[in-house]
Structure formats: structure tokens, C-alpha cells
Amino acid sequence: MSIIIENLRKELLGMSSEAIQKSSQHFFKEEIRCYGIKSADITTVSKSVFKTIKGASKSEIFGYCDELWHSGYLEESIVACNWSYAVSKYFEPDDLQIFRKWIDVSVNNWASCDTLCNHTVGKLIEMYPGTLDELKKWTPSDNRWMRRAAAVSLIVPARRGKFLQEIFEIADLLLTDEDDMVQKGYGWMLKVASQCHQKEVFDYVISKKSVMPRTALRYAIEKMPSELKTQAMGRD
């Protein structure tokens, strides 16, 4: 394992850019650790190195991912997200607890949170809908990324028109959250759900707009027709 990780880190370090490193910080409110590498280049390195471990078991792959998450580097977290998703056909319901630990212990920015949750976690949820209740258990967490994860893990299923009832239930649980990253997360979830269920999401927003933070509301209605946006944003 150490040789694989060491080789990956050498490749990442060789592609690092001080200019990109500095500019990357502008996208985050929190301090991040990064090499300074373009997203496309991270993907290229991720795929290249993964070929050398493609025959490894799922548990071995998750072990590599653990090591990458522990580094605290943005790029290494993205590689970990890519590698965990690469073995998605072998996912089992209990794997959600591994992903939960990564979110709770290692995720420290929106990019790592969303990449892991949109793809790896979202895929498992689609494969095993019985795990949906676990997402609801994340909503009271003191960790903002756990709360955001509860919503953004349903982005891809929402795009396919799935789990509308659960989407509304999670939105209810996060409705008055004061953290803007959480507000944006569940607002994004509702926005994507509105692409297949515009009336239902609009009706939901209207019923909650007296208490829904304006940030979440704006996200939720972003893709709706202008007349519906005006109605939703109007003060009662």
C-alpha cells in the first residue's frame, strides 16, 4: 500500500502549481490543503494509478482511500472519491458506515463532501434504498459536512426523479439550519428534484417559505420559470 500511495503522491507533487494552489483558496471559506492541480489532471492521475491496483479487493481499495483521506489534501480526497466509486458494483449496505466515517472525520470542505456524496454515497443509496433512513440520522450532527451530506447524497437520484418523499423529509429536517453550506446543500437537492417534479417542489417551497432561509429558497427555485420564482420570493 505504501508504495502505491507514495507513487501517487510523487505524481501529484510533480504536477503541483503554486499559482493554482493560491487561486484554489478563493473557492473556499475554510483553509484548505492542496497541491494546486487542475481538476482534469487529478482525474488523469487518479485513473492512471488506479490501473495498477485494479485487481485489488474492495476492502483493499477502501484501505487506500483511508490513507488518502487522512492526508487532508484536497486532491488526495478527490482521488479517494474516484477510487471508492470505481468499485461501486461491489457495494454492500454496510459500506455506508465507512463512507459516513470519511465524511464525519476527514471531509473538511464542500468539494470533498460533494464529490464523495454525489457519486459514491449516492450510488449506494440508489442500489440499496433501504439505507435512506441513515441519511436522516445525519441531519442533527454537529458536523456541518454531515448535515450537508444528508442532502447532497440525493442529488444524482433526484436528477432521475427518485426519492421525492425522502427528499422532502430531509429538507424538513434541515429546514431552519443556520449554516449556509447546509442551506445551499438542501436547496441544491430541491432544485435538482424540481427538474422532474416542478409542481411538487414549488408547492413545498411555498408551504415552507415563511421559515425557509432565503439562501436555500433561492437555490431551490433557480431552475423554475420566472413567474414561479417571483411568487416564491414574494413576501407574504
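What counts and how
Residues numbered from 1 in each chain as written. Predicted model: local features only at pLDDT ≥ 70, side-chain atom pairs only at ≥ 80, totals over all residues. Heavy atoms only, no water. Helix = DSSP H or I, 4+ residues; strand = E, 2+ residues; numbered from the N terminus. Rg over C-alpha atoms; globule rule 2.2 N^0.38 Å. Contact = heavy atoms within 4.5 Å. Areas by Shrake-Rupley, 256 points an atom, 1.4 Å probe, with all protein chains shown as cover. Lys, Arg positive; Asp, Glu negative; His and termini not counted. Charge placed at Lys NZ, Arg CZ, Asp CG, Glu CD. Core = buried A, V, L, I, M, F, W, Y, C linked by side-chain atoms within 4.5 Å. Buried < 20%, exposed > 50% of the residue type's maximum accessible area, 1.4 Å probe, protein only. Salt bridge = Lys/Arg side-chain N within 4 Å of Asp/Glu carboxyl O. Polar contact = N/O pair within 3.5 Å; in protein donor to acceptor, adjacent residues only side chain to side chain. Axes fitted to C-alpha atoms, helices over the stretch in contact; angles between N-to-C directions. Parallel < 35°, antiparallel > 145°, perpendicular 65-115°, else oblique. Left-handed = near helix turned anticlockwise from the far one by under 90°.

Asks: Go over the overall build of the protein chain, please, and point to the residues and values.
Replies: Across its full length, the protein chain holds 15 helices and 0 strands. For the protein chain, the C-alpha radius of gyration of 19 Å lies close to 18 Å, the compact-globule estimate for 236 residues. For the C-alpha atoms alone, the extent of the protein chain along its principal axes is close to 60 × 40 × 30 Å. Pairs at least 24 residues apart make up 71% of the contacts formed inside the protein chain by residues separated by at least 6 positions. Summing over all exposed atoms, the protein chain offers an accessible surface of approximately 11500 Å²; the carbon and sulfur share of this is 50%. Across the protein chain, the centroid of the 32 positively charged side chains sits 5 Å from that of the 32 negatively charged ones.

Asks: I'd like a description of the nonpolar core, backed by residues and values.
Replies: The nonpolar side chains of a soluble globular protein tend to be buried, and buried together. Within the largest apolar cluster, 80 residues are counted, with the highest numbers of intra-cluster contacts made by W83, I103, V121, Y186 and L190. Sort the elements by how many residues they give to this core and helix α12 (residues 180-194) lands first, with 8 residues. With sequence-adjacent residues up to four places away left out, Y186 is seen in contact with A151, A171, L174, L175, M212, P213 and A216.

Asks: Give a detailed account of the pattern of salt bridges, specifying residues and quantitative values.
Replies: In the structure shown here, the tally under the stated rule is 21 salt bridges. For E169, the salt bridge identified is with K136, shortest N-O distance 2.5 Å. In this pair, E169 is assigned in helix α11 (residues 164-174) and K136 in helix α8 (residues 132-138), connecting sequence segments 33 residues apart. What makes E169 partly exposed here is its relative accessible area of 27%. Here K199 ties to D203 by a salt bridge, and the two come within 2.7 Å at their closest N and O atoms. A residue pair is termed a helical-turn pair when its members lie 3 or 4 positions apart in one helix, as K199 and D203 do in helix α13 (residues 198-208) at 4 residues. Overall, K199 belongs to the exposed group, its relative accessible area being 58%. A relative accessible area of 37% means that D203 is categorised as partly exposed. Residues participating in the shared-partner salt-bridge network are K29, E30, R144, D179, D180 and K184.

Asks: Describe the environment of E75, and please don't skip the residues or the numbers.
Replies: With respect to the helices, strands and loops of the structure, E75 is situated in helix α5 (residues 74-86). For the pair E75 and G36, spaced 39 residues apart in sequence, the C-alpha separation works out to 8.1 Å. The contact partners of E75, leaving out residues within four places of it in the chain, are R33, C34, Y35, G36, I37 and I42. A polar atom in the side chain of E75 sits 2.8 Å from the backbone nitrogen of Y35.

Asks: Outline the packing of helix α3 (residues 39-50) against α5, listing residues and values.
Replies: Between α3 and α5, whose axes approach to 10 Å, the crossing angle comes to 50 degrees. In terms of their interaxial angle, α3 and α5 are classed as oblique. In this structure, α3 crosses over α5, and the sense of that crossing is right-handed. Contacts between α3 and α5 involve I42, T43, S46, V49 and F50 on the former and, on the latter, E75, I78, V79, N82, W83 and A86.

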